[in-house]
Amino acid sequence: MGKGFRGVILDHSDFDAGSDAEALYNAMKGIGSDKDAILDLITSRSNAQRQEIRSAYKSQYGKDLIDDLKYELTGKFERLIVGLMRPPAYHDAKEIKDAIKDSGAGTDEKCLIEILASRTNEQIHNLVAAYKDAYGRDLEEDVIGDTSGHFKKMLVVLLQGTREEDDVVSEDLVEQDAQDLYDAGEAQWGTDEAKFIMLLGNRSVTHLQLVFDEYQKIAEKSIEDSIKSELSGDFERLMLAVVQCIRSKPMFFARRLYKSMKGLGTADNTLIRIMVSRAEIDMLDIRECFRLRYEKSLYNMIQDDTSGEYKRTLLRLCGGDDDMAGEFFPEAAQIAYKMWEISATTKIQLRGTVQPYQSFDPASDAQALRKAMKGFGTDEDTIIDIVANRSNEQRQEIRQTFKSLLGRDLMADLKSELSKNLQRLILGLMMTPAEFDAKMMKKAMEGAGTDEHALIEILVTRGNQEIQEMCSAYQSAFKKSLEDAIASDTSGHFKRILIALAQGAREDGPVDMARALEDAQELAEACNADSGDMEDKFMSILCTRSFPHLRKVFQEFVRFSNKDIEQIIKKEMSGDVKNAMFAIVRSVKNQPSYFADRLYKAMKGLGTDDRALIRIMVSRSEIDLFNIRKEFKDTHEASLHEFIQVEAFVGDTSGDYRKTLLILCGGED
């Protein structure tokens, strides 16, 4: 892991506590206050120096500096500056006290989890002492009084601050603990929560990192996935936080920071707490992990999501913009390498949300659909209930039976009876997957503009057989080859990438380790070539190798180059070529996560990209929409079901259209 100082706030070299106290006093006297002077001074002093300033301020002016700052400042800026002025243990104590509300307004469990899962033994001991000093109360007793069950038990274990700190690891004990965790959860009916609490609450960080690796081999899934399936509620969230902190505290905080700022509002308490508490510890590594996991730097996300003096102070604590950086700090390089290793070894069982209907009768369904569309008005509820609750194979039987029994084209009848997005969604469900993909490719290329994102999404995520069947369906429906259509609608390297993918000739089979190392080295060397040569080399490897092979290539790329392949693509490429290459990497890493991100982007903001929403919900409903739902919830802290129902603005996913989408979604997470 990263060595030495990893914070961004250092001791000020020409420090004079008395002079600083006077400067702050002058900034606050008279009418109004000089906020720029306050934030510039406080963010350029270490916490230890700030405590000296507090003492000097009281000695010189007989007043408490924090009280004066509270009086002069307001809102989020005041909370941030006052947080910086408290000693770390007292800041944690204040956050915990606020999280355990005496008013009965409820407990902020996420705050308790974040602090107690991430602090070292020494920090926990200092926190307990500061809480007692500041509030005259016993922290453990307050936690016990405010929580319950296994969640309470694990919090109490963490409050002891007795995690083993010996870096000497016994291989036999690693194997035994991994097996014990497996036996306590996946291997039995029910879960032995006490075993999880004992091992995850007490073993050393180094030991548990090896235990998690061993567990992956035994269970063929990550410890995180097992926790999600075996535990629930606040206890599940706490144990996941502990595991994430064991793996990498900077990555844990990067995730928390991202979730605090994404969406329609900012969780300012979380943002302030993390920026204050990590500025002198590991902010450089948090920034790198943020850049590794998300599509922008922490600096830029703060800049886009906040304003005024509050923003300026946060940016000072962040310390710099990493968007143009390419190479990793040691911590982030190891995390990136490990992430690809986990991606390569995790066996994901893909699950759709739409299953074959058990009491299926195509004749009965055909008659019911005809009745729903005959006469004055249309019975949309019946159409939705039948179409959305049948598998695609069953829908094809209904189409055939409808024509055989009634001499009518079901697709034509549905098209005449339905309208707008509901019509597009129902017709999409009634097509075969190949017909639907062909139709979506045609829609992406017709009209005045091209939907390059749709072309990329379809061609990157479909298997060889799916692409070949789509090409046949395209030729049959539009009397033109898909390749010719792509060639006439796109240009340059982007055209070549799409045509290469449209061949449906990606290699399959296991990883060839020697070739993976060779490919990784070639990609690393290509990063120093001219842009055209670099794109050629990336295309020749990313568009042809199997996904398992590419996972290994991207893992070894980190080792050869000390760079992140996603960041290199974003930095060195542009436009549609960049988007295509980036989509391949994201799909190779975790395809359900890629689709979850596409769904989020389709619905966030002031309007819904209904074509993308329909395309993904229809095409993934029988393949991996359940997995996509899981990834959506993990990343956005709101379920896909909730997002479709609540987050999208009124009119975007309303009425029968929304009802159908929710049936396809399959449930609330």
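Coordinates for the structure precede this section.
Residues numbered from 1 in each chain as written. Predicted model: local features only at pLDDT ≥ 70, side-chain atom pairs only at ≥ 80, totals over all residues. Heavy atoms only, no water.

**Things to note about the overall build of the protein chain**
At step 1: A tally of helices and strands in the protein chain yields 40 helices and 0 strands.
At step 2: Against the globule reference of 26 Å for 669 residues, the protein chain gives a C-alpha radius of gyration of 28 Å, in line with a compact fold.
At step 3: Expressed along its principal axes, the backbone C-alpha trace of the protein chain runs to roughly 95 × 65 × 60 Å.
At step 4: With 669 residues in all, the protein chain has 51% of them scored as buried.
At step 5: A sequence separation of at least 24 residues applies to 74% of the contacts in the protein chain between residues at least 6 apart.
At step 6: Carbon together with sulfur atoms contributes 46% to the accessible area of the protein chain, which is approximately 28900 Å² in total.
At step 7: Averaging the locations of the 90 positively and 116 negatively charged side chains of the protein chain gives two centres separated by 4 Å. (Helix = DSSP H or I, 4+ residues; strand = E, 2+ residues; numbered from the N terminus. Rg over C-alpha atoms; globule rule 2.2 N^0.38 Å. Buried < 20%, exposed > 50% of the residue type's maximum accessible area, 1.4 Å probe, protein only. Contact = heavy atoms within 4.5 Å. Areas by Shrake-Rupley, 256 points an atom, 1.4 Å probe, with all protein chains shown as cover. Lys, Arg positive; Asp, Glu negative; His and termini not counted. Charge placed at Lys NZ, Arg CZ, Asp CG, Glu CD.)

**Some details on the side chain of E457**
At step 1: Looking at the secondary structure, you find E457 in helix 28 (residues 452-461).
At step 2: Given the relative accessible area of 0%, E457 is considered buried.
At step 3: Reaching out from E457, the side chain makes a polar contact with the side chain of R615 at a distance of 2.9 Å. (Polar contact = N/O pair within 3.5 Å; in protein donor to acceptor, adjacent residues only side chain to side chain.)

**Looking at the packing of aromatic side chains**
At step 1: As enumerated under the stated definition, the model contains 15 aromatic pairs in all.
At step 2: Lying over the aromatic face of Y135, K97 brings its terminal NZ or CZ to 5.5 Å of the ring centre.
At step 3: Seen from the ring of F560, R559 lies directly overhead, with NZ or CZ sitting 5.4 Å from the centre. (Phe/Tyr/Trp six-rings, centres within 6.5 Å; stacked < 30°, edge-to-face > 60°. Lys NZ or Arg CZ within 6 Å of the ring centre and 35° of its normal.)

**Structural notes on the pattern of salt bridges**
At step 1: On inspection of all chains with the given rule, the structure shows 48 salt bridges.
At step 2: Close ionic contact of K552 with E556 constitutes a salt bridge, the shortest N to O distance being 3.4 Å. Within this pair, K552 and its partner E556 are both found in helix 34 (residues 547-561), separated by 4 residues, close to a single helical turn.
At step 3: Under the relative-accessibility criterion, K552 is labelled buried at 18%.
At step 4: Among the charged side chains, a salt-bridge network with shared partners connects D36, D40, R312 and R316. (Salt bridge = Lys/Arg side-chain N within 4 Å of Asp/Glu carboxyl O.)

**Quick word on the packing of helix 1 (residues 17-28) against helix 2 (residues 35-42)**
At step 1: Relative to each other, helix 1 and helix 2 sit at 155°, their axes nearing to 8 Å. Regarding the angle of helix 1 to helix 2, the classification is roughly antiparallel. For the element pair helix 1 and helix 2, the recorded crossing hand is left-handed. Across the interface between the two elements, D20, A23, L24, A27 and M28 from helix 1 touch A37, I38, L41 and I42 from helix 2.
At step 2: Grouping the constituent residues of the contact of helix 1 with helix 2 by class yields 8 nonpolar, no polar and 1 charged. (Axes fitted to C-alpha atoms, helices over the stretch in contact; angles between N-to-C directions. Parallel < 35°, antiparallel > 145°, perpendicular 65-115°, else oblique. Left-handed = near helix turned anticlockwise from the far one by under 90°. Nonpolar A, V, L, I, M, F, W, Y, C, P; charged D, E, K, R; others polar.)

**Remarks on helix 20 (residues 308-318)**
At step 1: Within helix 20, burial applies to Y310, T313, L314, L315, L317 and C318.
At step 2: Tucked into the core, helix 20 has its buried residues touching helix 2, helix 5 (75-85), helix 17 (268-278), helix 18 (283-293) and helix 19 (298-305).
At step 3: G319 occupies a position one or two residues after helix 20 and carries a positive phi of about 95°.

**Things to note about unusual backbone geometry**
Of all residues except glycine, most have a negative phi; of all peptide bonds, most are trans.
At step 1: Positive phi, normally seen in glycine, also occurs at K420, with a value near 55°.
At step 2: Mapping K420 onto the fold places it in helix 26 (residues 420-430).
At step 3: Backbone geometry places K479, a non-glycine residue, at a positive phi of 55°.
At step 4: One can find K479 in the loop between helix 29 (464-478) and helix 30 (482-489).

**Some remarks on helix 12 (residues 193-202)**
At step 1: Here helix 12 has its buried residues at F196, I197, L199, L200 and G201.
At step 2: Where helix 12 is buried, its residues meet helix 10 (149-159), helix 11 (171-184), helix 13 (205-219), helix 14 (223-230) and helix 15 (233-247).

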